[in-house]
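Spelled out from the first residue to the last, the chains are:
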Amino acid sequence: MKRLRTWQRPLFGLLVLLALIALGVWRMGGERPGVSLGPQQRVETTNPKVGIHTRLTDEVEVWKIKRTLEMVREMGAPWIVEYFPWAYVESEPGRYDWTHADQVIAHAHRQGLTVIARLGFVPQWARPKETTPLYLDEKNFDQFANFAVKFVERYRSQIKHLILWNEPNLALEWGYASPDAARYTALLKATYPRIKAIAPEVQVLAGALAPTLAPPGDEFAVNDLVFLQQMYDAGAGAYFDVLAIHAYGWHFDPDSPADPEVVNFRRTELLRALMVKNGDSEKTAMITEGGWNDHPRWTRAVRPAQRILYTLRAYEIAQAEWPWLEAVCLWALRFPWDQNSYQDYFTFVRTDFEPKPIYWEVQRQTRGELP
Amino acid sequence: MRRRWVLLGGLVLGGLLAALWGGAGEQSHLLLPFLRRDSTWQAIQQRGLWRVGLDPSFPPFELLDATGKVVGYDVALAEALAASWGGRVEIVAVGFDSLPDTLKAGKIDSIVSAYPFDERLTQDFLFSTPYFEAGLRVAVPTASPIRQLADLSGRAVGVEWGSLGDMVARRLQREGMVLKLRSFETPEQVLAALLDQQAVEAVLVDNVSLRQAQARGLPLVAVGEVLESIPYVIVLPLQAVELQQQLEAALQQLRASGTLAELEERWFSGQPAVQ
């Protein structure tokens, strides 16, 4: 072996040092080498409507993304809802970073899951300063539509369902602008035709309304039943394919009858009745959020045993009684980190990936192991 | 030469102080606490009142009595702590999830509300040492031969279905421990299965339910280590270092004098544990 000359030795040492530093940075960057997609999987389940909302938006480690989606499959849920924030992908106009979305969608696809993609969260450049990322001026609806089109162009072969916006009947979800069904309908009108023009097979979900009994004139929210009718009155019926429904049970069991004055799981039936009344009986619906919470101190929570019973029954109702409902994606499988609030008691799996009993019981149900 | 060293030394010292005082930002209180005034403690002393935030919906720690007055273990604890520095307590009722924001906004001086320690919040708040461990325990009848976790192997163990105890029991099974697991819908049913029906030989139950049962005279004992720790602590503003010191001294005194144990006994025995 040829020996290095004297002047070459420090240079060689420097190169070795740089290589070691680069290796260290790479290892600390959270990206584990060798997180392969793995073999193509298929969801085994007795109930093809079972789904769950994942929360991978801020999950940066690929192995955690993969493990989360494996656990969805192993639970027997063929459906997930996942959030793809516009601001994360297009932080500057026309510059797209699809890295994270690519990872989530590729792993979900490999696990045999059907992804319902929720789009929202406005980048700074598309809204006035001093507004929250949920604020969007009507003049920028086209920008949102542009992003939706880019998303569909990229993932058309893997994603067939898109939810446009979230809980538009809440001021919070509009950056504290007044919730307005006509305005939301304008967003649908700006976006829906452009998606269908490039991918007519993609199903556009609208609604995803927050279940609320807000009185008329409330500053922060509009009753979801009222808002849906106002959407139809504004012409929204021609600008979505599937109604997205949020079906929280609070402390009511899932067989509590539907009642306009009550927020419970069967409020879903009231939203469905509005669809039928407005001539949309041929369309389907999907529950894209919902479920029960077993926080020991939250006023809307139930006991852990009730949560399990109610959840199993909810999946059963969807399969046995609601032929017009395609999926029930409850909130939520797991958070990337503890919220340290009642929100943690909506999850099926802890942040450290330990399954809660509800996870095992749903798995038993989808495997047909329950009596 | 000497002047140059003096100048250099001065620059280094000045830079160090600047970094500690301003440059360290949020963490500066950790570096130079003696340079910061504890405005919370000063305000408490000036008004003679310690404004304590709690959510009165979690008996026996905090609840409303028949007259609508906020009472409970935490209220009694706060009063005993304030008495140690000659002060009084003003209770401010706040929803549990809003307590940290209310403290941050300066509307209250502290949270005393069966609040679990949260490591992630140490950048925003100071905490007392734990005054109550609410975590998961193995509980058995006092005459039981079971003395530690390993003794559960091969035995019938009761849990509340879906609870933390249920989760841990399933984890022990996955790790190879043979447990005959029996599920019940409430902690009260779990304890009844242990004592009345003798359907199980041990239970995994939260320490609040266990202490309630013990305080009512039921012959139960916790064995082994805490399986999942949930320590309740008092939460303070980040700069309240003097208040923290006062509270620590007072807590130690209450612990040593047996007052904490008395408060537990008084407030836990009033709650039904086995129906």
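A. Geometry of the overall build of chain B. Within chain B, the regular secondary structure consists of 10 helices and 13 strands. The buried share among the 275 residues of chain B stands at 37%. A fraction of 73% describes how many contacts in chain B between residues 6 or more apart in sequence connect residues 24 or more apart.

B. Quick peek at the overall build of chain A. When helices and strands are counted, chain A shows 10 helices and 8 strands. Here the C-alpha atoms of chain A give a radius of gyration of 23 Å, agreeing with the 21 Å that 2.2 N^0.38 yields for 371 residues. Counting only C-alpha atoms and orienting by the principal axes, one finds that chain A spans roughly 85 × 55 × 40 Å. The buried share of chain A, taken over its 371 residues, is 43%. Here the contacts in chain A between residues at least 6 apart in sequence split such that 74% fall between residues at least 24 apart.

C. The pairing of strand 1 (residues 49-54) of chain B, seen in detail. All names here are of chain B. Bridge analysis of strand 1 against strand 4 (residues 88-93) gives 6 bridges, and the strand direction is parallel. Paired with Arg51 across the bridge in strand 4 is Glu90. In this structure, strand 1 lies alongside strand 5 (residues 110-116), joined through 2 bridges in parallel fashion. Bridge pairing in strand 5 places Gly53 opposite Ile111.

D. Here's a closer look at the sheet that holds strand 10 (residues 180-184) of chain B. Residue and element names in this part refer to chain B. Taken in spatial order, the 5 strands of this open sheet run 10-9-11-8-12, and their pairing is mixed. Edge positions in the sheet fall to strand 10 and strand 12 (220-228), since each has one partner strand and no second. Neighbour-to-neighbour, the strand axes of the sheet open up by a mean angle of 30°, direction not taken into account. As paired elements, strand 9 (residues 156-160) and strand 10 share 5 bridges and run parallel to each other.

E. Fine view of the interface of chain A and chain B. Each partner contributes to the interface: chain A provides 15 residues, whereas chain B provides 17 residues. Those elements that provide at least two residues to the side of chain A that touches chain B are helix 9 (304-321) and helix 10 (357-366) of chain A. By residue number, the principal contributor to the side of chain A that touches chain B is helix 9 of chain A, which donates 4 residues. Classifying every residue of the side of chain A that touches chain B by side-chain character gives 7 nonpolar, 2 polar and 6 charged.

F. A look at the environment of A:Arg313. Residues and elements named next belong to chain A. Tracing the backbone through its elements, the reader meets Arg313 in helix 9. When the 16 C-beta atoms within 10 Å are taken as the criterion, Arg313 is described as partly exposed. Separated by 58 residues in the primary sequence, Arg313 and Asp255 have C-alpha atoms spaced 8.3 Å apart. Those residues in contact with Arg313 that lie beyond four places of it in its chain are Pro254 and Asp255.

G. Spatial organisation of the sheet that holds strand 5 (residues 203-209) of chain A. Residue and element names in this part refer to chain A. Taken in spatial order, the 8 strands close into a barrel running 1-2-3-4-5-6-7-8, and their pairing is parallel. With strand direction ignored, the average angle separating the axes of adjacent strands in the sheet is 30°. As judged from the 3 bridges shared by strand 1 (residues 50-53) and strand 2 (residues 79-85), these two strands associate in the parallel manner. Paired with Gly51 across the strands is Trp79, a residue of strand 2. In the packing of helix 6 (residues 181-198) onto the sheet, contacts are made with strand 4 (161-164) and strand 5, and the angle to strand 4 comes to roughly 160°.

H. Structural view of the packing of helix 6 of chain A against helix 7 (residues 224-233) of chain A. Residues and elements named next belong to chain A. Relative orientation of the contacting elements helix 6 and helix 7 amounts to 55°, with a least axis distance of 8 Å. Here helix 7 runs oblique to helix 6, going by the angle between their axes. For helix 6 against helix 7, the interelement crossing comes out right-handed. Across the interface between the two elements, Ala181, Tyr184 and Thr185 from helix 6 touch Phe227, Gln230 and Met231 from helix 7. A per-class count over the contact of helix 6 with helix 7 returns 4 nonpolar, 2 polar and no charged.

I. Examining the domain arrangement of chain B more closely. Residues and elements named next belong to chain B. What the domain assignment reports for chain B is domain 1 (2-133 + 231-268) and domain 2 (136-228). Taken together, the 4 residues of domain 1 in the interface contact 5 residues of domain 2. Considering every element that reaches the side of domain 1 that touches domain 2, the biggest residue donor is helix 10 (residues 259-268), with 3 residues. For the side of domain 1 that touches domain 2, the residue count by class is 1 nonpolar, no polar and 3 charged.

J. Expanded view of helix 9 of chain A. Compared with an ideal rise of 1.5 Å per residue, which puts 18 residues at 26 Å, helix 9 of chain A spans 25 Å between its outermost C-alpha atoms and is within 8% of the ideal. Along helix 9 of chain A, the residues classified as buried are A:Pro304, A:Ala305, A:Arg307, A:Ile308, A:Leu309, A:Tyr310, A:Thr311, A:Ala314, A:Tyr315 and A:Ala318. Contacts made by the buried residues of helix 9 of chain A are with strand 1, strand 7 (284-291), strand 8 (325-331) and helix 10 of chain A together with strand 9 of chain B.

K. A look at the confidence of the model for chain A. Averaged over all residues, the pLDDT of chain A equals 94, while 95% of them reach at least 70. Throughout residues 28-32 of chain A the model reports pLDDT below 50, and contacts reaching past four residues in sequence, or to other chains, amount to 6 contacts.

L. Fine view of the environment of B:Gln198. Within the secondary structure, B:Gln198 is located in the loop between helix 7 (187-195) and strand 11 (202-206). Considered as a pair, B:Gln198 and B:Tyr115 are 83 residues apart in the sequence and their alpha carbons are 34 Å apart.

M. Region of the structure containing the packing of helix 4 (residues 73-84) of chain B against helix 10 of chain B. Residue and element names in this part refer to chain B. In the contact formed by helix 4 and helix 10, the axes pass within 9 Å of each other and the chain directions differ by 155°. Judged by the inter-axis angle, helix 4 sits roughly antiparallel to helix 10. Both helix 4 and helix 10 take part in a crossing whose hand is right-handed. The residues of helix 10 that touch helix 4, namely those facing Tyr73, Ala76, Leu77 and Ala80, are Thr259, Leu263, Glu264 and Trp267.

Calculation rules
Residues numbered from 1 in each chain as written. Chains lettered and ligands numbered in written order. Predicted model: local features only at pLDDT ≥ 70, side-chain atom pairs only at ≥ 80, totals over all residues. Helix = DSSP H or I, 4+ residues; strand = E, 2+ residues; numbered from the N terminus. Buried ≥ 20, exposed ≤ 12 C-beta atoms within 10 Å, placed from the backbone. Contact = placed C-beta atoms within 7 Å. Rg over C-alpha atoms; globule rule 2.2 N^0.38 Å. Pairing = 2+ DSSP bridges. Axes fitted to C-alpha atoms, helices over the stretch in contact; angles between N-to-C directions. Nonpolar A, V, L, I, M, F, W, Y, C, P; charged D, E, K, R; others polar. Parallel < 35°, antiparallel > 145°, perpendicular 65-115°, else oblique. Left-handed = near helix turned anticlockwise from the far one by under 90°. Domains from an automatic or database assignment. Expected span 1.5 Å × (residues − 1). pLDDT = per-residue confidence, 0-100.

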